[in-house]
Amino acid sequence: MADVFISYAHTSAVQAQRAARALREAGYSVWIDDDLPVHRSYPRVIEEQLRSAKAALVIWSGEAAQSEWVMSEANRAREDHKLVQMAVDGVRLPMPFDQIQCADLIGWTGDIGVAGWRKVVASLADLVGLTAPSPPASPSHRAGWEPSEPMLAVLAFDNLSGDPDMTYFSDGISEEIQNTVARGTELKVIGRASSFQFRGADKAAAHVAAELDATHVLDGSVRRSGSRVRISAQLIECAQETTLWSERFDRDLTDIFALQDEIAAAVAAALKTAFAPAAPVGPIDPKAFDLYLRSRGLFWGGNFDLTPQIALLEEAVGLAPRFAAAWAGLANTRARILRLAPQGAAYSAQRGAVILAAQAALAIEPASGGAYLALSRLEPFAGYAEQEAHLLQGLSLAPYDLGCLSAMARFCLNVGRHRDAARYAEQAFRLDPLDLMAAFWQAVIALLSSHPDADRMFENFGARWPGEEVLAIGELTVSFVTERWERVDAVVARLRERGLKGPGPRALVELFSNLRHRDPTTLATVLDQLRARLAETGTVEVQGVLNLAVVGLTEEAFEIAGRASFSRLFDPDGAPPSRGFEVGNIFANPRFMNDVRFVGLCAKLGLCAYWADTGRWPDCADSVSYDFRSEVLTKTGKQN
């Protein structure tokens, strides 16, 4: 008889295994369907184990809520008064389970110190009779990033093919090995943007460790001759600069997936971690693999014209229909075009093409974080719950996917959860510390949430990227909306002194400077422009409304916001929501939020419905001068 029976749907298998492992380590006996005897009837064993267990832990997900098996098991546990629930994505629990306490473990990576997991264990302890284990002492704000954990940097393998133009191929091979290790293990793997900056003499393990906090380095070389490839690889422990494993492989390119799995498994074994290879896809056409690597080369080369990438990826999947990474790349590239470019009559067809590519990737590789990222990009801006569900599902299966982590940081920012945004941004930055945009979001979110390290971040990042304007513009914008006037003046002076590259940044600097000093002409111009835009289009940019409130034109700000329509934010076929309609900054100004009319604006932006439906409230819910939750529930018609 087991202490705990675990019920879950297939897509939550990773979280179920983490839960089982954590409970066993805490002293509980656990039954999970991996323990099913091959000679017994499945339904009979399930019924016996569920009946005899002292407690049943149901792991809710979108798939679980649709599963007759999970619903039946949950209902039996409820009737026997031994049900414990946890949710791992944004699913709304079916009746009557939505009336029972459920621990929020969205995006859980197995950290036993988080509040949601401690709640689960406390409930199980009450049912089973064991003492709940104590939480880790003095948890760091960087929980899950202890220095003792392996942190792997996969460097750009050297190109030994004798042709400098083949660098795209050696880099691509390295990136695919990096992705395979990250996908198949729970290792933390540093992102390409950072690890690929080390080439030649800079590859010394001690140097990489100092720059990236890496504990281990995987390096090697690639030599290609026609359809044959030779890869040499070695895994180095940085502290002692000791080679833990090395090998040379001579293979046909048709075996490249198996070779990537073999190298990743060897790395995992050397680091004593489990490796789960991807589902076998069979031989791959070498030309398809080459086309895919060429598309990655264009992506990392900063080519803003996405059309050539689309063409390469479409040809690749045509030649290799079981190539999951190419399908995910195609889905994301198509989604980026839709998010950035004007949308015309063909938008619905283009949107359908993204979905088809993402679904093709997931059918082959269910843990494809890139496919879930592409699907999240398709949702309308005010489709908060839908965006979150895609991203959390991606992170539940690929917890260290950089694209999903970064997108979750921005998502949490836009729904007012700055503390959660900071956590995701820090995770992304720790995995890619030399990536400019990872640094930008960490610093900006830190400043928005008044993190004590925000000043140090901007100082350090400014020194690392002295010629980049994006950091300073971000610092200026946040300083303005949070009314840090001395900082606004300092950033403006710094930018004017060094000069600005384009008319856009110059205009923005002058606008914020003039608004900060309440220049009458600028105030009148901004107000007139917003009213003219409202009259012409029926809508305004949220940042424009906030700018008015920051400089004291609060009545005008709420008057314009009250008349404006934000329906385009709810329209999947609407104009790109990324142009001036990011709403995260509205949660940065206390005076703006302390006006009860702020809730009315949030309702028009779809935020109130999201908060009321999910119960995931913004940070300001506990800091404003009125009953924020009550006002939100009233606006959504959910107030008792």
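Conventions we followed
- Each chain has its residues counted from 1, following the order in which its sequence is written.
- Where totals are concerned, whole chains, interfaces and linings use all residues; where local detail is concerned, this predicted model gives features only for residues with pLDDT of at least 70, and gives and counts side-chain atom pairs only at 80 or more.
- Only heavy atoms go into the side-chain values, all of them from the structure, while hydrogens and water stay out.
- A run of DSSP states H or I qualifies as a helix once it reaches four residues; a run of E qualifies as a strand once it reaches two. Both are numbered from the N-terminal end.
- Computation of the radius of gyration draws on C-alpha atoms, with the globule rule given as 2.2 Å multiplied by the number of residues to the power 0.38.
- Whether a residue is buried, partly exposed or exposed follows from its accessible area with a 1.4 Å probe, protein chains only, as a fraction of its type maximum: under 20%, in between, or over 50%, in that order.
- Contact criterion: two residues are considered in contact whenever any of their non-hydrogen atoms come within 4.5 Å of each other.
- What sets the accessible areas is the Shrake-Rupley method with a 1.4 Å probe; for residues, cover comes only from the shown protein chains.
- Any Lys or Arg side-chain nitrogen located within 4 Å of an Asp or Glu carboxyl oxygen qualifies as a salt bridge.
- Any two of the Phe, Tyr and Trp rings considered here, Trp counted by its six-membered ring, make a pair once their centres fall within 6.5 Å; the pair's planes then place it as stacked at under 30 degrees, edge-to-face at over 60, or tilted in between.
- Note on geometry: a ring has a charge over it if NZ (lysine) or CZ (arginine) is within 6 Å of the ring centre and within 35 degrees of the ring normal.
- Put simply, a nonpolar core is a bunch of buried Ala, Val, Leu, Ile, Met, Phe, Trp, Tyr and Cys residues held in one set by side-chain atoms that sit within 4.5 Å of each other.
- Throughout, a disulfide means two cysteine sulfur atoms within 2.5 Å of one another.
- The pairing criterion is simple: DSSP has to find at least two bridges between the two strands.
- The angle between two axes is taken between their N-to-C directions and runs from 0 to 180 degrees, where each axis is a line fitted to C-alpha atoms and a helix contributes only its stretch in contact.
- Note on terminology: angles under 35 degrees are roughly parallel, angles over 145 are roughly antiparallel, angles of 65 to 115 are roughly perpendicular, and the others are oblique.
- Rotating anticlockwise by less than a right angle from the far helix to the near helix defines a left-handed crossing, while the corresponding clockwise rotation defines a right-handed one.
- The classification used treats Ala, Val, Leu, Ile, Met, Phe, Trp, Tyr, Cys and Pro as nonpolar, Asp, Glu, Lys and Arg as charged, and all other residues, Gly among them, as polar.

Participant: Before we move on, could you go through the overall build of the protein and cite the residues and values that matter?
Facilitator: Counting its secondary structure elements, the protein contains 28 helices and 11 strands. For 640 residues, the compact-globule estimate of 2.2 N^0.38 gives 26 Å, and the protein sits close to it at 26 Å. Each principal axis of the C-alpha atoms in the protein carries an extent, and together these give about 80 × 70 × 50 Å. Counting the 640 residues in the protein, one finds 52% classified as buried. Restricting to contacts in the protein with at least 6 residues of sequence separation, those with at least 24 account for 64%. Surface accessibility of the protein: about 27,500 Å² in total, with carbon and sulfur atoms responsible for 52%.

Participant: Give me the lowdown on the pattern of salt bridges, citing residues and values where you can.
Facilitator: In total, this model carries 34 salt bridges according to the counting rule given. Between K54 and D3 there is a salt bridge; the shortest N-O distance is 3.7 Å. Of this pair, K54 sits in the loop between α2 (42–52) and β3 (55–60) while D3 sits in the segment before β1 (4–7), placing them 51 residues apart in sequence. With a relative accessible area of 12%, D3 lands in the buried category.

Participant: I'd like to hear about the packing of aromatic side chains, residue by residue, with values.
Facilitator: One pass over the full model with this rule turns up 25 aromatic pairs. Ring centres 5.3 Å apart and planes at 45° place the aromatic pair W60 and F97 in the tilted group. You can see W60 sitting in strand β3 and its partner F97 sitting in the loop between β4 (83–87) and β5 (103–104), a full 37 residues away along the chain. Note on W60: relative accessible area 0%, which makes it buried. Members of the aromatic cluster, connected to one another through ring pairs, are F558, F587, F592, F598, W611, W617, Y626 and F628. Over the aromatic face of F169 sits the side chain of R224, whose NZ or CZ is 4.6 Å from the ring centroid. When the ring centre of W465 is taken as origin, the NZ or CZ atom of R464, which lies over that ring, is 6.0 Å away.

Participant: Give a detailed account of the nonpolar core, specifying residues and quantitative values.
Facilitator: Counting 112 residues, the largest nonpolar core has I586, F598, L605, L607, W611 and F628 as its most contacted members. Considering each element in turn, this core owes the most residues, 10 residues, to helix α17 (residues 436–448). Those residues in contact with F628 that sit more than four places away from it in its chain are F598, V599, W611, W617, P618, C620 and A621. The next biggest cluster of nonpolar side chains, apart from the first, holds 64 residues, and it includes L187, V222, L235 and V267.

Participant: Lay out helix α27 (residues 607–614) with the relevant residues and their values.
Facilitator: Since the α-helix advances by 3.6 residues per turn, residues separated by three or four positions end up pointing in the same direction. Taken residue by residue, α27 has L607, C608, Y610, W611 and A612 as its buried positions. Following α27 by one or two positions, G615 has its phi on the positive side, about 75°.

Participant: Could you give an account of the state of the cysteines, naming the residues involved and the relevant values?
Facilitator: The full count for this structure, using the stated rule, is 0 disulfides. The cysteine C404 is free of any disulfide, with C412 supplying the nearest cysteine sulfur at 13 Å. The exposure class of C404 is buried, given its relative accessible area of 0%.

Participant: Help me get a handle on the sheet that holds β3, residues and values and all.
Facilitator: By way of backbone hydrogen bonds, the strands of a sheet pair with one another, either parallel or antiparallel. With parallel pairing, 5 strands are arranged side by side in an open sheet as β2-β1-β3-β4-β5. Whereas interior strands pair on both sides, the edge strands pair on one side only; in this sheet they are β2 (30–31) and β5. Summarising the sheet, β4 and β5 pair through 2 bridges and their orientation is parallel. When the bridges of β5 are listed, M86 appears paired with A103.

Participant: So what about the packing of helix α19 (residues 469–481) against helix α20 (residues 485–498)? Which residues, and what values?
Facilitator: Two elements in contact, α19 and α20, have axes whose closest approach is 8 Å; the angle formed by their N-to-C orientations is 155°. One way to sum up the angle between α19 and α20 is to call them roughly antiparallel. Classified by chirality, the crossing of α20 by α19 is left-handed. In contact with E469, A472, I473, E475, L476, S479 and F480 of α19, α20 contributes W485, R487, V488, V491, V492, R494, L495 and R498. Residue composition of the contact of α19 with α20, grouped by class: 9 nonpolar, 1 polar and 5 charged.

Participant: Describe in detail helix α13 (residues 369–378), supporting the description with residues and values.
Facilitator: Among the 10 residues that make up α13, 9 are buried, leaving the element largely enclosed by the rest of the structure. Every buried residue of α13 is accounted for by G369, G370, A371, Y372, L373, A374, L375, S376 and L378.

Participant: Tell me about the side chain of S170, and name the residues and values.
Facilitator: As for its position among the elements, S170 is in helix α5 (residues 167–184). Classification of S170 by relative accessible area gives buried; the value is 1%. When neighbours within four sequence positions are excluded, S170 is seen to be in contact with F157, D158, N159 and V222.

Participant: Can you tell me about the environment of P505, naming the residues and giving the values?
Facilitator: Assignment of secondary structure puts P505 in helix α21 (residues 503–516). Take P505: its relative accessible area is 23%, and that puts it in the partly exposed class. Each C-alpha atom of the pair P505 and A349 lies 36 Å from the other, and the pair is 156 residues apart in sequence. Contact partners of P505, with chain neighbours within four places excluded, come to E469, I473 and L500.

Participant: Could you give me a rundown of the environment of T634, with the residues and numbers involved?
Facilitator: Note on placement: T634 falls in helix α28 (residues 628–635). Between the alpha carbons of T634 and A612 there is a distance of 9.8 Å; along the sequence they are 22 residues apart.

Participant: Tell me what's going on with unusual backbone geometry, and back it up with residues and numbers.
Facilitator: Here M95 and P96 are connected by a cis peptide whose omega angle stands at 0°. Relative to the helices and strands, P96 resides in the loop between β4 and β5. A positive phi angle is found at H81, which is not glycine, with a value near 60°. Along the chain, H81 falls in the loop between α3 (68–79) and β4. Residue classification places H81 among the exposed residues on the basis of a relative accessible area of 68%.

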